[in-house]
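# Results of the structural survey
Each chain, letter by letter, is given below.
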Amino acid sequence: MKKIRIAIFASGNGTNAQRIIEYYAHHASIEVACVIYNRREAFVAQRAAALGVEAFYVNRAGFADQESVKALLHGQHIDYIILAGFLLQVPDYIINMYEARILNIHPSLLPRHGGLGMYGSRVHQSVLDSGDTKSGITIHLVDGQLDTGAIVFQAECPVLDGDTADTLADRVHELEHRHFPHVIEDYILSRP
Ligand code: GAR
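If you're wondering where the values come from, they're calculated on a predicted model, not measured in any experiment.

### A word on the pattern of salt bridges
Counted according to the given criterion, the structure contains seven salt bridges. Here D132 makes a salt bridge to R112, at a shortest N to O gap of 2.8 Å. On the criterion of sequence distance, the pair formed by D132 in the loop between α6 (121-130) and β6 (134-141) and R112 in the loop between β5 (102-106) and α6 is long-range, its members being 20 residues apart. Residue R112 is classed as partly exposed on the basis of its relative accessible area of 45%. Put simply, R178 and E174 hold a salt bridge, and the shortest N to O gap is 2.8 Å.

Now the structure itself:
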């Protein structure tokens, strides 16, 4: 049977992308077709290469070229898109092509600490500045706005006395690595 093919979009280090690639390396019905990254220096490209997954560089200008991106996604037979630390806003034409088939992970308990400028360590600093006593992860569908799509999954962790943005980020990353791969699977396989 033909496997369901996912494309991972990423901008940076790519630890989540790596976990997802490893999780689906021998999966019965889902496979990672490729990684698409938008920053030349993104380490995710090296992680993908080491794991034998094709990686395509598409920067902001590249995403504006609709026909090329559509050809890439069709050519790779992509069924679902997974945003794993992808810091560009997904263009509307892709959202329209993949309605309810794009998932994003955000490193806080949305709707808290989401929206414009909220990525990476800025999110964790915002949590610390707010005095929140818990943080966590949110996996949600991507709509045309930032961090507002329907929530599919959340998991919590405590904010501890003496936390810095880095220590909190480590705790949140651990939750991401533990949950993101299986939440993708649960979501995809539960759809008609
Ligand atoms: C992850 O913590 C992810 O939640 C966050 O970027 C990090 C990427 O880490 N995404 C956002 O902040 C999106 N607004 P990784 O490159 O090691 O997977």
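### Examining the sheet that holds strand β2 (residues 30-37)
Read across the sheet, seven strands follow the order β3-β2-β1-β4-β5-β6-β7 without closing on themselves; strand pairing throughout is mixed. If you trace the sheet from one side to the other, it starts and ends with β3 (54-57) and β7 (151-158), each paired once. The mean inter-strand angle of the sheet, taken between neighbouring strand axes irrespective of direction, is 20°. Relative to β7, helix α7 (residues 165-190) is tilted by about 155°, and along the sheet it contacts β1 (4-10), β2, β4 (80-83), β5, β6 and β7.

### A short note on the packing of aromatic side chains
If you walk through the whole model with that rule in mind, you get five aromatic pairs. A centroid spacing of 5.2 Å and a plane angle of 70° characterise the contact between F9 and F86, whose relative ring orientation is edge-to-face. On the criterion of sequence distance, the pair formed by F9 in strand β1 and F86 in the loop between β4 and α5 (92-97) is long-range, its members being 77 residues apart. Each member of the pair, F9 as well as F86, carries the same accessibility label: buried. In this structure an aromatic cluster arises from ring pairing among F9, F63 and F86.

### Section: the environment of N96
Along the chain, the position of N96 falls in helix α5. Taking relative accessible area as the criterion, N96 reaches 62% and is therefore assigned exposed. Through-space distance from the C-alpha of N96 to that of G85 is 21 Å; in sequence the pair is eleven residues apart.

### Let's talk about unusual backbone geometry
With glycine set apart, most residues show a phi of negative sign, and most peptide bonds adopt trans. With an omega of 15°, the peptide bond between L110 and P111 qualifies as cis. When you line up the elements, P111 lands in the loop between β5 and α6. For H77, which is not glycine, the phi dihedral falls at a positive 55°. The class for H77 is partly exposed, based on a relative accessible area of 48%.

Parameters and conventions
- Residues numbered from 1 in each chain as written.
- Predicted model: local features only at pLDDT ≥ 70, side-chain atom pairs only at ≥ 80, totals over all residues.
- Heavy atoms only, no water.
- Salt bridge = Lys/Arg side-chain N within 4 Å of Asp/Glu carboxyl O.
- Helix = DSSP H or I, 4+ residues; strand = E, 2+ residues; numbered from the N terminus.
- Buried < 20%, exposed > 50% of the residue type's maximum accessible area, 1.4 Å probe, protein only.
- Pairing = 2+ DSSP bridges.
- Axes fitted to C-alpha atoms, helices over the stretch in contact; angles between N-to-C directions.
- Contact = heavy atoms within 4.5 Å.
- Phe/Tyr/Trp six-rings, centres within 6.5 Å; stacked < 30°, edge-to-face > 60°.

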